[in-house]
Amino acid sequence: ESSLDSYSEFWNNLLWASEFQTHLDIKEFDLEQIHMTKEGNLMSFSVPGLAEGRPSVLRGDMVSIMWDKKLYRGRVHSTRQLNVLVELHASFYSDYDPALDVVDI
């Protein structure tokens, strides 16, 4: 095996390990059994540590929301001190009841 192949394999493995670690780091911020509230045409939920920047959530970020055994993808519209406001597909709003339902994020 040439040193170029070995060098390429090393960097490929390092990149894979870095991506895997990033995935594990993000999983630490998963939220379970969260109540969301409707604010206009957006949904809002509280994120512990948001004010301190852990996790870092920015406008335009994508958020995965699991509800009623379905996965919804939402785009962060804005953040506040402790809350994130997310825009979701219209089908979510028609079925979700903020008074009763909870989601995993």
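Remember, predicted model here, so these are calculated numbers, not experimental data. (Residues numbered from 1 in each chain as written. Predicted model: local features only at pLDDT ≥ 70, side-chain atom pairs only at ≥ 80, totals over all residues. Heavy atoms only, no water.)

Time to look at the overall build of the chain. The secondary structure content of the chain amounts to two helices and five strands. Going from N to C terminus, the chain has its helices and strands arranged as α-β-β-β-β-β-α. A separation threshold of at least 6 residues defines the contact pool for the chain, and within that pool the share at least 24 residues apart is 55%. In the chain, the 9 positive side-chain charges and the 17 negative ones have mean positions that sit 9 Å from each other. (Helix = DSSP H or I, 4+ residues; strand = E, 2+ residues; numbered from the N terminus. Contact = heavy atoms within 4.5 Å. Lys, Arg positive; Asp, Glu negative; His and termini not counted. Charge placed at Lys NZ, Arg CZ, Asp CG, Glu CD.)

Another aspect to go through is the environment of Phe29. Its place among the elements puts Phe29 in the loop between helix H1 (3-27) and strand E1 (37-39). Assessed through its relative accessible area of 30%, Phe29 is described here as partly exposed. The spacing of Phe29 and Val84 is 55 residues in sequence and 14 Å in space, taken between C-alpha atoms. Apart from the residues lying within four places of it in its own chain, the contact partners of Phe29 are Arg54 and Pro55. (Buried < 20%, exposed > 50% of the residue type's maximum accessible area, 1.4 Å probe, protein only.)

What follows concerns the pattern of salt bridges. Taken as a whole and assessed by the stated rule, the structure comprises one salt bridge. Of the charged contacts, one joins Glu39 and Arg80 as a salt bridge, the two residues approaching to 3.0 Å between their closest N and O atoms. Taken together, the residues Glu39 in strand E1 and Arg80 in the loop between strand E4 (70-79) and strand E5 (83-87) connect sequence positions 41 residues apart. For Glu39, a relative accessible area of 28% gives the class partly exposed. A residue is classified by how much of its surface remains accessible, and Arg80, at 44% relative accessible area, is partly exposed. (Salt bridge = Lys/Arg side-chain N within 4 Å of Asp/Glu carboxyl O.)

Here the focus is the confidence of the model for the chain. Of the residues in the chain, 99% reach a pLDDT of 70 or more, and the chain-wide mean stands at 87. Mean pLDDT in the chain bottoms out at H1, which sits at 84, and peaks at E5, which reaches 94. (pLDDT = per-residue confidence, 0-100.)

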